[in-house]
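The residues making up each chain are set out below.
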Amino acid sequence: MEREFYLGAITEDTMTRRNYSLLGPDGARAVETGLAAAEWYHTEVPRKVMKDLMKRSDAPAIRDTIILYGCMILFAGLGIALWPSWWSAPFWLAYGVLYGSAMDSRWHECGHGTAFKTPWMNTVVYEIASLMMMRNSATWRWSHARHHTDTYIVGRDPEIAVMRPPVLFKLIGNFFGIFDAWAALSRMAYNAFLGVHPEEKTFVPQSEWPKVVKVARIYVLIYAATITLAIWMHSILPLMVIGLPRLYGAWHHVMTGLLQHGGLADNVTDHRLNSRTVYMNPISRFIYWNMNYHVEHHMFPMVPYHALPRLHETIRHDLPAPNRSIGAGFAEMWPALIRQLRYEDFFIKRELPATAKPYREEFHAEAPVGGTVAA
Amino acid sequence: MTQWIDACATDEIDEEDLIRFDHGAQTFAIYHSPEGDFYATAGLCSHENVHLCDGLVMGHLIECPKHNGQFDYRTGEAKRAPVCVNLRTFPVKVEGGRVFIEVA
């Protein structure tokens, strides 16, 4: 499969410096130029087909949720029973990945309201997953709405996982949740004691600010109670169940999350340019709830996770070829991230099939082609 | 001054679905409820300028295709974040198999 590598600026002197602050000049420029809240490219799908794909159902998510929480209770129970023996380690590792990674996808899909047909089921799973992921359930609903409005628009999207130039030690550290969890705890404390952060005020409506503070205070109470219990028991066991799995189980959601947009274009209005679909094994797809079909999800966020494979088959003629595996995705992305250390305008542009409509790349008109390689 | 505008034939909209209707500079969404009634609202989501016609009708709710915000299309009431502002609604009548909406 062909992968073109684009270099927007040739020398470091002329290279663009991105400012990712939501209060900074890049965001203001995106609003001025119409890049923010723009109309994005969509593949044409007949209305009847799309209605069928968008159809909601409780059954798949109830099945998956029973399996997920059932496994978590089982693994945590075995971990506790075998504690403090090293024989408990495999069960903690399994529990951790369901807590620190599967909860990321549950937070995501239930936040969209597409996982279950019944609204309260989405709400319950969303709130539990938000607590486990240390994401304020009030703030992050709005943050993710902005991510879908302005996907990888610099200065507008609050959920850009890989900024340019990439900070590799942070990316690697986040496989163990180190920087993410610290940032989440800091923001939790800020929200609980000082209120809504100025950056959050750019995407959370004022009517929701009291809720942000209330949720943060509830989280602080829960985590403080867990720490108190650990101190009282003279054991980290309570934290192995609540809190620490956000660190030792984060690796899978970081591994899959980096692939969503890493190394691809920013400041464009075509998800085929800035998002990546990767074929994955069934276990990863269960943990990730099919978000490996990421171009499809961004183009049509109304389609529930269980219908994404069908959506992929429906529109794949208009999309770049997916990466064949997680390993293939990293083999494509990682060298691009390394190049971005020196040239932050560098990005991967995937070739479209002959059946696809051309890319919308009006915002990339000035970028000269750097080279073409086979991946 | 208001006027009744001929928007579409009743059989142009499936039950539990909607279509887009443009008139002058305005855009509308016209709905066919599961009970067989017709309703009309502003065509763009009140959260961001996204056409609701690509969204999903579930019972009496319309879900925006971009951010999954929901409105009750009978009243325009915002029902699910990220929508906070109600949708404007318009009177509808059906005559001779045609759907008319009253616009200013």
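None of the values given here were measured: they were computed from a predicted structure. Think of each chain on its own: its residues are numbered from 1, step by step along the sequence as written. Chain A is the first chain written and ligand 1 is the first ligand written, with later ones labelled in order. Reporting of local features is limited, given that this is a predicted model, to residues whose pLDDT is at least 70; pairs of side-chain atoms are given and counted only at 80 or more, and all residues count toward the totals for whole chains, interfaces and linings. Hydrogens are left out, water is left out, and the side-chain values use all remaining heavy atoms of the structure.

Details of the packing of helix 4 (residues 89-112) of chain A against helix 6 (residues 137-149) of chain A
Packed helices, taken two at a time, are described by their axes: the angle between them and the distance between them.
All names here are of chain A.
Then, in step 1: The axes are straight lines fitted to the C-alpha atoms, using for helices just the contacting stretch, and the angles between their N-to-C directions are given from 0 to 180°. Labels follow the DSSP assignment, with helices taken as runs of H or I lasting at least four residues and strands as runs of E lasting at least two, numbered in each case from the N terminus. It is at 11 Å that the axes of helix 4 and helix 6 come closest, and there the two elements cross at 80°. By the criterion of interaxial angle, the relationship of helix 4 to helix 6 is roughly perpendicular. Residues W107, H108, G111 and H112 of helix 4 form the contact with helix 6, whose participating residues are W140, R141, H144 and H148.
Then, in step 2: Split into classes, the residues belonging to the contact of helix 4 with helix 6 amount to two nonpolar, five polar and one charged. Just so you know how the angles are binned, under 35 degrees is roughly parallel, over 145 roughly antiparallel, 65 to 115 roughly perpendicular, and the rest oblique. Any two residues whose heavy atoms approach within 4.5 Å at even a single point are treated as in contact. Here the nonpolar group is Ala, Val, Leu, Ile, Met, Phe, Trp, Tyr, Cys and Pro; Asp, Glu, Lys and Arg are the charged ones; every other residue, Gly included, is treated as polar.

Comments concerning the interface of chain B and chain A
Then, in step 1: The partner chain A presents 19 residues to the 21 residues of chain B that form the contact.
Then, in step 2: Both faces considered, chain B and chain A share a buried interface measuring about 1,600 Å² in area, 50% of it formed by carbon and sulfur atoms.
Then, in step 3: When two components associate, each loses some accessible surface as probed by a 1.4 Å sphere; the sum of these losses over both components is called the buried area. When the area that chain B buries against chain A is broken down by residue, the three leading residues are L56(B), K66(B) and N68(B), summing to 32%.
Then, in step 4: By salt bridge we mean one thing: a side-chain nitrogen of Lys or Arg within 4 Å of a carboxyl oxygen of Asp or Glu. Summed over the shared surface of chain B and chain A, the number is five salt bridges.
Then, in step 5: Linking R56(A) and E63(B) is a salt bridge whose minimum nitrogen-to-oxygen distance equals 2.8 Å.
Then, in step 6: Pairs of N or O atoms within 3.5 Å make up the polar contacts considered here, provided that, within protein, one atom can donate a hydrogen while the other can accept it, and that residues adjacent in sequence are counted only when both atoms are side-chain atoms. Where chain B meets chain A, there are 13 residue pairs in polar contact (both at pLDDT 80 or more).
Then, in step 7: Secondary structure elements with two or more residues in the side of chain B that touches chain A: strand 2 (17-23) and strand 5 (56-58) of chain B.
Then, in step 8: Tallied by class, residues from the side of chain B that touches chain A come to nine nonpolar, four polar and eight charged.

Quick look at unusual backbone geometry
Then, in step 1: Cis geometry is found at the peptide bond from W83(A) to P84(A), where omega equals 5°.
Then, in step 2: Within the fold, P84(A) resides in the loop between helix 3 (59-82) and helix 4.
Then, in step 3: Here the residue pair A81(B) and P82(B) is connected by a cis peptide bond, since its omega of 10° sits within 30 degrees of zero.
Then, in step 4: With a phi close to 50°, W289(A) is a non-glycine residue in the positive phi region.
Then, in step 5: For E16(B), which is not glycine, the phi torsion reads 55° and is therefore positive.

Considerations on the side chain of H32(B)
Residues and elements named next belong to chain B.
Then, in step 1: Its place among the elements puts H32 in strand 3 (residues 26-32).
Then, in step 2: From its side chain, H32 meets the backbone oxygen of I13 in a polar contact 2.8 Å long.
Then, in step 3: Beyond its immediate stretch of four places on either side in the chain, H32 contacts T10, I13, D14, E15, E16, D17, D37 and F38.

Concerning the domain arrangement of chain A
Residue and element names in this part refer to chain A.
Then, in step 1: Reported domain spans reflect what an automatic or database domain assignment gives. Assigned domains within chain A: domain 1 (2-54 + 253-374) and domain 2 (59-149 + 178-249).
Then, in step 2: The straight-line distance from the C-alpha centre of domain 1 to that of domain 2 is 27 Å.
Then, in step 3: Taken together, the 20 residues of domain 1 in the interface contact 30 residues of domain 2.
Then, in step 4: Counting the surface lost from both domain 1 and domain 2, the interface buries some 2,100 Å², and carbon and sulfur atoms represent 63% of this.
Then, in step 5: Scanning the region where domain 1 abuts domain 2 turns up zero salt bridges.
Then, in step 6: Put simply, domain 1 and domain 2 have 17 residue pairs in polar contact (both at pLDDT 80 or more) between them.

Section: the pairing of strand 3 of chain B
Residue and element names in this part refer to chain B.
Then, in step 1: By the criterion of burial, strand 3 is predominantly enclosed, with six of the seven residues buried.
Then, in step 2: A pair of strands is considered paired only if DSSP assigns at least 2 bridges between the two. Where strand 2 meets strand 3, seven bridges bridge the pair, whose relative direction is antiparallel. Residue pairing across strands places D22 opposite T27, the latter belonging to strand 3.
Then, in step 3: Linkage of strand 2 to strand 3, two consecutive antiparallel strands, is achieved through a turn of two residues, within which G24 is found at a positive phi near 60°. Summary of the burial criterion: residues with accessible area below 20% of their type's maximum are buried, those above 50% are exposed, and those between are partly exposed, where the area comes from a 1.4 Å probe applied to protein chains only.

A look at the sheet that holds strand 2 of chain B
All names here are of chain B.
Then, in step 1: Judged by pairing direction, the sheet is antiparallel, and its four strands sit side by side in the order 2-3-4-9 without closing on themselves. Across the chains shown, the open sheet's two edge strands, defined by having one partner strand only, are strand 2 and strand 9 (89-90).
Then, in step 2: Pairing geometry for strand 4 (residues 38-42) and strand 9, over two bridges, is antiparallel. What sits directly across from A40, in strand 9, is F90.

Focus: helix 2 (residues 47-54) of chain A
Then, in step 1: Of the positions making up helix 2 of chain A, those classed as buried are M50(A), K51(A), L53(A) and M54(A). All buried residues of helix 2 of chain A project into a common sector of 165° when viewed along the axis, lining one side.
Then, in step 2: In this structure, the buried side of helix 2 of chain A is in contact with helix 16 (308-315) of chain A together with strand 2 and strand 5 of chain B. Within this analysis, the arc is defined by the directions that extend from the helix axis to the C-beta atoms.

So, the pattern of salt bridges
Then, in step 1: Under the counting rule described, the total for this entry stands at 27 salt bridges over all chains.
Then, in step 2: Residues R246(A) and D180(A) are paired through a salt bridge, measuring 3.8 Å at the closest nitrogen-oxygen approach. Of this pair, R246(A) sits in helix 11 (residues 245-248) while D180(A) sits in helix 8 (residues 178-193); the two residues are 66 residues apart in sequence, bridging distant segments of the chain.
Then, in step 3: For D72(B), the salt bridge goes to R74(B), with nearest N and O atoms at 2.9 Å.
Then, in step 4: Overall, R74(B) belongs to the partly exposed group, its relative accessible area being 37%.
Then, in step 5: One continuous salt-bridge network, built from bridges that share partners, spans R17(A), R18(A), R164(A), D266(A), E344(A) and D345(A).

As for the packing of helix 12 (residues 251-261) of chain A against helix 17 (residues 326-342) of chain A
Residues and elements named next belong to chain A.
Then, in step 1: Relative to each other, helix 12 and helix 17 sit at 55°, their axes nearing to 10 Å. Between helix 12 and helix 17, the angle falls in the class oblique. Along this stretch, helix 12 crosses helix 17, giving a crossing that reads as left-handed. Here helix 12 contributes M255, L258 and L259 to the contact with helix 17, which in turn contributes I326, G329, F330 and M333. Here a crossing is taken to be left-handed if its near helix is turned anticlockwise relative to the far helix by less than a right angle, and right-handed if that turn runs clockwise.

Topic: the packing of aromatic side chains
Then, in step 1: Working definition: a ring pair exists when centres of Phe, Tyr or Trp rings (six-membered ring for Trp) sit within 6.5 Å. Plane angles under 30 degrees give stacked, over 60 give edge-to-face, the rest tilted. Tallied over the full model, the rule gives 10 aromatic pairs over all chains.
Then, in step 2: Judged by centre distance (5.5 Å) and plane angle (80°), the ring pair of F169(A) and F179(A) falls under edge-to-face. One end of the pair, F169(A), is in helix 7 (residues 168-173); the other, F179(A), is in helix 8, and 10 residues separate them in sequence.
Then, in step 3: Judged by relative accessible area, F169(A) falls into the exposed class, the value being 57%.
Then, in step 4: Seen from their ring centres, F28(B) and F90(B) are 4.9 Å apart, and the 80° between their planes marks the pair as edge-to-face. In this pair, F28(B) is assigned in strand 3 and F90(B) in strand 9, connecting sequence segments 62 residues apart. Grouping residues by exposure puts F28(B) and F90(B) together as buried.
Then, in step 5: An aromatic cluster is defined as three or more aromatic residues linked by ring pairs; in this entry it consists of W83(A), W92(A), Y95(A) and Y99(A).

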